[in-house]
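# A look at the structure
For reference, the chains in residue letters:
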Amino acid sequence: MYGKGILKGLSVTWKRFWDTYTEDISWMLRGKKRYNTDEGIRHRSSKDTKGIFTVQYPEEQLIVPEEFRYVPFLVYDEGADGKKDVRCTSCGICAKVCPPQCIWIVRTNDPATGRPVPVPTDFYVDMDICMNCGFCAEYCPFDAIKMDHDFDIASYGRNIYNIDKLLKPASYYAGIRPENYTREEEARKAKEAARAAKAEASASAA
Amino acid sequence: MATALQTQTVDLVARFPAIVTADARSGYTGFIVNKENLVEVATAVRDEFGFDLLTAVTGVDYIAENKMEVVYHAYKTIGGTGLAFKVQVERVDPIEVPSLINIWAGVDFQEREAWDLYGIKFTGHPDLRRILMWEGYEGHPLRKDWKEPFFEEETKPFKSRWPEGKHTFSEEKNPFRDNLNFPKDFDPEKYIVNKEEDLYASLERYTTKDVEGSMKTDHIVVNMGPHHPSTHGVLRVAVTLDGETIIGLKPVMGYLHRNHDKIGERNTYLQNIPYTDRLDYFNSMSNNFGYAITVEKLMNIQVAERAEYIRVIMAELSRVQNHLIFIGMLMNDLGAMYTPSLYAFEERELILDIFEAVSGARMMCNYFRFGGVVRDVPDFALKKIHDLVTDRLPAKTDEMERFLNENEILMARLKGIHVLNAEEAINYSVTGPVLRATGVPYDLRRADPYSIYDRFDFDVAVRHNGDMMDNYLIRFDEIRQSLRILEQALKQIPQGPINSQKPAYQVRVPAGEAYGRIESPKGELGFYVVSNGKPNPYRYHVRPASFVNLTAIESICRGTKIADFVALLAMLDIVMGELDR
């Protein structure tokens, strides 16, 4: 029969249409909210999703995974009385590895000796050029530069972030990437313990 | 399984003693052919040695030796390793090399590209116009002495970034001053870009004939694009029509051109990986794969076992979502607006969620490193892949088939519309599903296995009619085969390290050349990389599948109706990021 194939196809569309309602009703009967809740959004991007698939941005936002990366920021540790301990030593590896070369670092020189000090005077990232590859965070030996989760940075002008705008506390980093943070902290503690043990060993030997 | 013909070593020197010499440079392979005898040797390569598929043609500018080289990579469609042969000419304009277009029609666009970017004149090429740059452009950008307008330094990293990195905009520092070339007697006030005559002259024309009993008609030239919503991006096509029938057609491209090759030569090896994401932006995982195996070939390193599996899993997931999008977008082009394509997008989103969880980005994954991958796949992602592969994707593929395959309108549009036959397809260097739909079982995962594809049990999807319907159905076959590979890979994946190398932001690559290729969802994706031992590649060339497949478009479309053109173009599955590079 001519038109049978079309009807067969339409049955798929009809089933999808039907699913949107049955799915909503079943969530309602279970007393759960399918929209504007984390659970609902998670369900919509799981393998069992059916019915309405879309996430109504910006009222709803997809939950980004831990590894999600969007433009870098600099991490500082909160010292006593609100002092910012910037982790960056201005070694320049991020600037060297950056594929579009959007990182600009001004190294600090000691005014007395003229020797470089391991703190950046200023640090620029040209966010319009940044391609979000994450190399800077990947190759930073001091865990000082990390990729952010905040992707709503649309603006009318050019986005060149200087060090003030780039600095974010380690607690923020721990918030967006808990697993990475714990792993790095453990590695750091292990390293420090090893160093202390070594120092102790050499001290006792002397 | 290798047959005698596949493993037979090729000794061109013995066959042409005075004409051909082996390439003796360290790290190089292949043969150097005398320029005068190129056509003769190439004919023998095709007819006597059986290398019927010429995949890549490109130039290399050896400025220090004052030489320009053209590199050809020929393969057999029955599988096996390839043959590289080269021609070297003095680097003095005009640089002339005989064209091989009468032996392999597929060199058409690639020779035009070499002319455009290197200024190598291919004598005998019937339509040697610029292809990626516009007519009237001055200079040949891939030459080593050519500099772009915002030129800073030959190679990255630039010295201005550290330790005195005061941010400056390049346009402030360099307002088109030193490195902009104008022709002699150039007056910008009087300059009008009007170089389209060559394009229109290259189109086949229909001369008005007064046939008895028929209406007197004339041809008409129609420009489709570059802003046509159905040409998959900014592709422009100039078509001559006789009524509704296409009699001549030329694609005009380069609207998205950014000279990926030149950027690649400025970058370090590592910095190129995120740039390859931007080639075929649907399949950044496959692009990474191709580039990574090429550089690994040069570096001569092994890939960590677990990483091999992760790579295959990612590449096959990428293929599944590419083919789903292909099906959806084809329906868009046929007029079934959005419903099928959005159904396809749902599954794609779920796959992209996985990419995002492992690599951090949905499309620009930047996931591969030399020797492995950047980070391990977390368990929840592996579980999700497993659920999708065993549970959801097979069901959804079936649903898609139920939804579309028996549709009478679709059948009327697809069945019996001829795309290519096997001979034409091979002659035009067409690869990928389009070639396999003509009955040639040429899949690099089997024909020239790379990575660990030889460990999996799967069939090469083949269809035999070469019409649109087969081109469409073969995508379903490939999705099913990819799911088969994925299932096996998920079962076999071992624990272990994910990179065989120590993480390093600069890799040491010994001098030499390498041509690496993979079966990307769109066809053969090749990378030709020449290293001179420095931190940056000396030559970095991409052989994109869409670009070479598009060579056949005129032959495909001639004689068909203009209404079918959009669908035929969709069949080639082009993507402008890769086509224009």
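Being a predicted model, the structure only gives us computed values, none of them experimental. Chains are numbered independently. Their residues run from 1 in the order of the written sequence. As they are written, the chains are lettered A onward and the ligands numbered 1 onward, keeping that order. Where local features are concerned, this predicted model is filtered to residues with pLDDT of at least 70; where side-chain atom pairs are given and counted, the filter is 80 or more; whole-chain, interface and lining totals use all residues.

### What about the overall build of chain A?
Within chain A, the regular secondary structure consists of 7 helices and 7 strands. Along the chain direction, N to C, the helices and strands of chain A fall in the order α-α-β-β-α-β-β-α-β-β-α-β-α-α. Relative to the compact-globule value of 17 Å for 206 residues, chain A shows a C-alpha radius of gyration of 25 Å, a clear excess of over 25%. If you line up chain A on its principal axes, its C-alpha atoms span 95 × 45 × 35 Å. Any residue surrounded by 20 or more other C-beta atoms within 10 Å of its C-beta is treated as buried, while 12 or fewer makes it exposed and the intermediate range makes it partly exposed; C-beta atoms here are placed from the backbone. Residues classed as buried in chain A amount to 23% of the 206 residues present. In this description a helix means any DSSP run of H or I spanning at least four residues, a strand means any run of E spanning at least two, and both kinds are numbered starting from the N terminus. Throughout, the radius of gyration refers to the C-alpha atoms, and the reference size of a globule is 2.2 Å times the residue count to the power 0.38.

### Thoughts on the sheet that holds strand β8 (residues 220–224) of chain B
Residue and element names in this part refer to chain B. The strand order across the open sheet built from 3 strands is β8-β9-β10, with neighbouring strands paired in antiparallel fashion. Edge strands, defined here as strands with exactly one partner in the open sheet, are β8 and β10 (245–252). Here the strands of the sheet are splayed against their neighbours by 20 degrees on average, with no regard to which way each runs. When strand β9 (residues 236–242) meets β10, the two strands line up antiparallel, connected through 7 bridges. Considered in β10, the bridge of valine 237 is made with proline 251. A pair of strands is considered paired only if DSSP assigns at least 2 bridges between the two. Every axis corresponds to a line fitted to the C-alpha atoms, with the helix fit spanning only the stretch in contact, and the corresponding angles, defined between N-to-C directions, vary from 0 to 180 degrees.

### Observations concerning the nonpolar core
The term nonpolar core refers to a group of buried residues, namely Ala, Val, Leu, Ile, Met, Phe, Trp, Tyr and Cys, whose C-beta atoms join them within 7 Å. With 194 residues, the main nonpolar core has Leu74, Cys94, Ile103 and Cys136 of chain A together with Ile120, Ile313 and Val434 of chain B as its most contacted residues. Looking at this core, the element that brings in the most residues is helix α10 (residues 305–334) of chain B, giving 16 residues. Setting aside residues up to four positions removed in sequence, isoleucine 120 of chain B forms contacts with Gly59, Met68, Val70, Ile95, Val97, Ala114 and Trp115 of chain B. Think of it this way: build a C-beta for each residue from its backbone, and any pair within 7 Å is a contact.

### What about the sheet that holds strand β3 (residues 103–109) of chain A?
Pairing between sheet strands relies on hydrogen bonds along the backbone, with the strands arranged either parallel or antiparallel. All names here are of chain A. Across the sheet, which stays open at both edges, the 3 strands sit in the order β3-β4-β6 with antiparallel pairing between neighbours. Taken across any chain shown, the strands that pair with only one partner, and hence form the sheet edges, are β3 and β6 (160–161). Sheet topology note: the β3/strand β4 (residues 116–126) ladder contains 7 bridges and is antiparallel. Pairing of arginine 107 across the sheet is with proline 120, part of β4.

### Re the interface of chain B and chain A
Facing 43 residues of chain B, the contacting portion of chain A comprises 39 residues. Elements with a contribution of two residues or more to the side of chain B that touches chain A: α8 (272–277), α11 (339–359), α12 (379–404) and α13 (408–414) of chain B. Asp, Glu, Lys and Arg are counted as charged, while Ala, Val, Leu, Ile, Met, Phe, Trp, Tyr, Cys and Pro are counted as nonpolar; the rest, among them Gly, fall into the polar class. Looking at the side of chain B that touches chain A, its residues break down into 19 nonpolar, 9 polar and 15 charged.

### Points about the domain arrangement of chain A
For the domain bounds, the source is a domain assignment made automatically or taken from a database. Examined at the domain level, chain A breaks down into domain 1 (1–63) and domain 2 (73–199). Measuring from the centre of the C-alpha atoms in domain 1 of chain A to the corresponding centre in domain 2 of chain A gives 42 Å.

### Looking at the domain arrangement of chain B
Residue and element names in this part refer to chain B. If you check the domain split of chain B, you get domain 1 (1–133 + 137–156 + 172–192) and domain 2 (260–579). Here the C-alpha centroids of domain 1 and domain 2 sit 26 Å apart. The interface is formed by 27 residues belonging to domain 1 together with 32 residues belonging to domain 2. Residue contributions to the side of domain 1 that touches domain 2 peak at 6 residues, all from strand β3 (residues 53–62). Of the residues contributing to the side of domain 1 that touches domain 2, the split by class is 12 nonpolar, 12 polar and 3 charged.

### Notes on the pairing of strand β7 (residues 120–123) of chain B
All names here are of chain B. Taking every second residue as pointing to the same face, the buried face of β7 carries Ile120 and Phe122, while none of Lys121 and Thr123 on the other face is buried. Examined bridge by bridge, strand β6 (residues 95–98) and β7 share 4 bridges and lie parallel to one another. Within β7, the position partnered with isoleucine 95 by the bridge is isoleucine 120. The handedness of a crossover follows from its direction of travel: if, with the strands pointing away from the viewer, the path from the first strand over the helix to the second runs clockwise, the crossover is right-handed. On the question of chirality, the crossover connecting β6 to the parallel β7 by way of helix α4 (residues 108–118) is right-handed.

### Looking at the environment of aspartate 580 of chain B
Residues and elements named next belong to chain B. By the element assignment, aspartate 580 lies in the segment after α21 (576–579). Taking C-alpha positions, aspartate 580 is 9.3 Å from proline 544, a pair spaced 36 residues apart along the chain. Residue contacts for aspartate 580: discarding those within four places in its chain leaves Leu132, Met253, Gly254, Tyr255, Leu256 and His257.

### Digging into the packing of α10 of chain B against α11 of chain B
Residues and elements named next belong to chain B. Where α10 contacts α11, the two axes come as close as 8 Å, and the packing angle between them is 160 degrees. Taken together, the axes of α10 and α11 lie roughly antiparallel to each other. Regarding α10 and α11, the two cross each other, and that crossing is left-handed. Side by side, α10 and α11 meet where Leu317, Val320, Gln321, Leu324, Ile325, Ile327, Gly328, Met329, Met331 and Asn332 of the first sit next to Pro340, Ser341, Tyr343, Ala344, Phe345, Glu347, Arg348, Ile351 and Ile354 of the second. Residues belonging to the contact of α10 with α11 are distributed by class as follows: 13 nonpolar, 4 polar and 2 charged. The labels follow the angle: roughly parallel below 35 degrees, roughly antiparallel above 145, roughly perpendicular from 65 to 115, and oblique for the rest. By definition, any crossing whose near helix is turned counterclockwise from its far helix by less than a right angle is left-handed, and any crossing with a clockwise turn is right-handed.

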